Amino acid sequence: MKARIFGTAAAASLLLSACAEPPAPPREVPVKPPTQIDGVWYLDQNWSQDARQWYYNTSQGSQIMRYDWFMALEDPQTKAPFVKSLSRYGYPADAAGKWNPDGLPLGFVKDVDPDKTAWFGMTCAACHTGDLTVNGKTLRLDGAVTTGDLYGLISAIRDAVHTTTTVDGVFEPFSTRVLGPDANPQQRLALLEQLKAFDTSFTAFVAQSTPATPWGPMRTDAFGMIFNRVSGIDLKIPKNNRPPDAPVSYPFLWDAPHQPWVQWNGLLPNNNAFDALGRNAGEVLGVFGDVRLKKPTVMHYYYDSTVRGRNLVAMENQLRQLRSPVWPDSIAGTVDIVKAAAGADLYQQNCVSCHTLLPRGETYTTAPVHMEPLFTWPYPNDPTKVIAAFNMICTQGIEAAVTAKMVTVNYASDPKMAVDALCRQSDTGAIAGVAMPPELLGGAKLKNPDTAVNLLSNAVIGAMLGDIVKDPGLIDDLIKSGAGGGSATPAWAAQSQSQSATMSAAASQPPGKPLDTTPLVKPGAPMTDQHRKIISVLQASSRVKPPVPAAGPSRAAAEKAKDPAKATQEFADTIKRLLAYKARPLDGVWATAPYMHNGSVPNLYEMLLPAAQRSASFRMGGGALDPVKVGVDSAAPSSTFLFDTSKPGNRNSGHEFGAHLTDTQRWQLLEYLKTL
């Protein structure tokens, strides 16, 4: 259908080209023109300004440091307030207003604990809102890739805090800003000791988060950071830390709530509201969320955490309404509709089998994805040989497994992220033997050691259970979301005009006695309606297998009764499924450079070249858009980070599906990609 639309438009344009300017490129549905607000251009993505500002400024439970400390911190390089320096690390300024009373940079927020302690933290928008500059204008794209440099930010915070505690003349004015001019020496000394303790812990965190291969802006080793945070810091076992050396591009979020699998390697199921909350809660733990991992008791069978579950559910509901940005002809240049028409046919012939087309003019509930396997298994139906090959990959490396003819490479994209995520093991320490959810509800006990993935899943589910039992209203939010996206009134519209979303975290954690978890752990214990609701939510989740029993044998007993051959086959199938990378729909792909899972290809034109002809290095970082090749404008002054594809984790190989095309066909396909 799309090809016919473009073909008709192309014929008309040829007839008129001798006597008139070519018409604007056709769109399948009407799209509102770009809107300029405070010097920034916003595209029509189905969000109002209130909706996006609520999303930018709603806490998810991230707590980098005490809010009053951060706001008093001085940048040692500029001597200005550090909060004013975040733009140096790629995080845009945002105007003060109803949702942002303190005028914090975009993606940063005040998070308030139930005891009223305030923290400075990151919101979802810090990593998933992108600014692009083209033809002298700045586009702000909701759900896109940030230009932020996360490692640059945390290392700069480390330096600023350390300077405050060690350099003469810096602490005294800092303490006055925090405590006021009338603070006595004992109060100042107490503050200094507290800040020194934070300096020690944060310096250790940054050291453990330092990659051998610099991430630069627009990327992070998400799994590496989350695994280190949970297994090393939260579990208090430093030996669990690993250098986070498998950086990936931040994924763009339009379509994400509708995909059956999320993360670049399809690690997490995404079939319902509980799955989505788990994915988002895990992300919180990776960006300074806190979870207290200690062995639970029958009455307290969960982990205390800073995760703001109700806010996360509301944000996921908001994201379900987000649509991809349409190429802005009036800003980036008019699409060549003749080339685009030819490109539409090429897309059908070469791309659509992996990258599904989503109908922009229709409501959709599923965004299909294709998982491209990294390896071909010579004996795919022999689970013992698949597992043996996997073990060799983890212990001796891919080359050893290839040399031993246990696997061959199917897809040559840099495998480090997928392999690291699946192979990594961790000491489970104090929570070894703990099942989350409890065994009665289908959970399996952690081994020691166990995979980092299993440890993270245990921590995330325990944190979610903690949020649920402390605030049972979260159960109703999850049930409503599963029934079609929650309340008809969006969270941003329901928010009080006088209360900013940054403060709503405290309201989401009401005081009072948490729900007794005994009925979730002890067979036969009397249940309330709230307990039954928790079970119903877990039953719907693909994270819990087998389905939660109302009564009956524990998961451990079920595992013993399971056919060992079947268990081996399931493990082998999991290995084959997860050693892969995801191909997703490409709507809005023009706004998501750099490309590949690790950001190793600067533009869409090079994605259609043989790997050997791609840039071995390029500059990136400031969000400058090349509207011709569609991607990073490496020549722009703001592109200051040198991306070196020879570094581990940075390989730009793979995706040679356009290698057979002629150059004319590549330009045609490229023009069509602008229209998605």
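Just so you know, these numbers come straight off a predicted model, no measurement behind them.

**Some points on the sheet that holds strand 5 (residues 118-122)**
Move 1: Sheet architecture is open: three strands sit in the order 3-5-4, paired in antiparallel fashion. What marks the edges here is a single partner per strand, and that holds for strand 3 (65-66) and strand 4 (108-112).
Move 2: Relative to strand 5, strand 3 runs antiparallel, the two being bridged by two bridges. Looking at strand 5, one finds that M65 is bridged to F120.

**Focus on the pairing of strand 20 (residues 617-620)**
Move 1: Burial along strand 20 is one-sided: F618 and M620 are buried, and none of S617 and R619, which face the opposite way, are.
Move 2: In the sheet, strand 20 pairs with strand 23 (residues 641-644) via four bridges, with the strands oriented antiparallel. Counterpart to S617 in the pairing with strand 23 is D644.

**Considerations on the state of the cysteines**
Move 1: As enumerated under the stated definition, the model contains one disulfide in all.
Move 2: Here C394 pairs with C423 through a disulfide, and the sulfurs are 1.9 Å apart. Here the disulfide of C394 and C423 is left-handed, its torsion about the S-S bond being about -75°. In this pair, C394 sits in helix 12 (residues 383-396) while C423 sits in helix 14 (residues 416-423), placing the two residues 29 residues apart along the sequence.

**Observations concerning the nonpolar core**
Move 1: Ranked by internal contacts, the top residues of the largest apolar core, which has 179 residues, are Y55, F82, M122 and W590.
Move 2: Excluding residues that lie within four positions of it along the chain, Y55 makes contacts with W47, T123, C124, A125, H128, T129, L253, M315 and L319.

**What to know about the sheet that holds strand 2 (residues 40-42)**
Move 1: The sheet built from four strands is open, its strands ordered 1-2-7-6 with mixed pairing. The open sheet is flanked by strand 1 (35-37) and strand 6 (129-134), the only strands paired with a single partner. Taken over all neighbouring pairs, the strand axes of this sheet differ in orientation by 35° on average, direction set aside.
Move 2: Of the pairings in the sheet, the one linking strand 2 to strand 7 (residues 137-142) comprises two bridges and is parallel in character. Note that in strand 7 the partner of Y42 across the bridge is R140.
Move 3: The strands that helix 2 (residues 49-56) touches are strand 1, strand 2, strand 6 and strand 7; relative to strand 2, the one it contacts most, it runs at about 110°.

Definitions and limits used
Residues numbered from 1 in each chain as written. Predicted model: local features only at pLDDT ≥ 70, side-chain atom pairs only at ≥ 80, totals over all residues. Heavy atoms only, no water. Pairing = 2+ DSSP bridges. Helix = DSSP H or I, 4+ residues; strand = E, 2+ residues; numbered from the N terminus. Buried < 20%, exposed > 50% of the residue type's maximum accessible area, 1.4 Å probe, protein only. Disulfide = S-S within 2.5 Å. Core = buried A, V, L, I, M, F, W, Y, C linked by side-chain atoms within 4.5 Å. Contact = heavy atoms within 4.5 Å. Axes fitted to C-alpha atoms, helices over the stretch in contact; angles between N-to-C directions.

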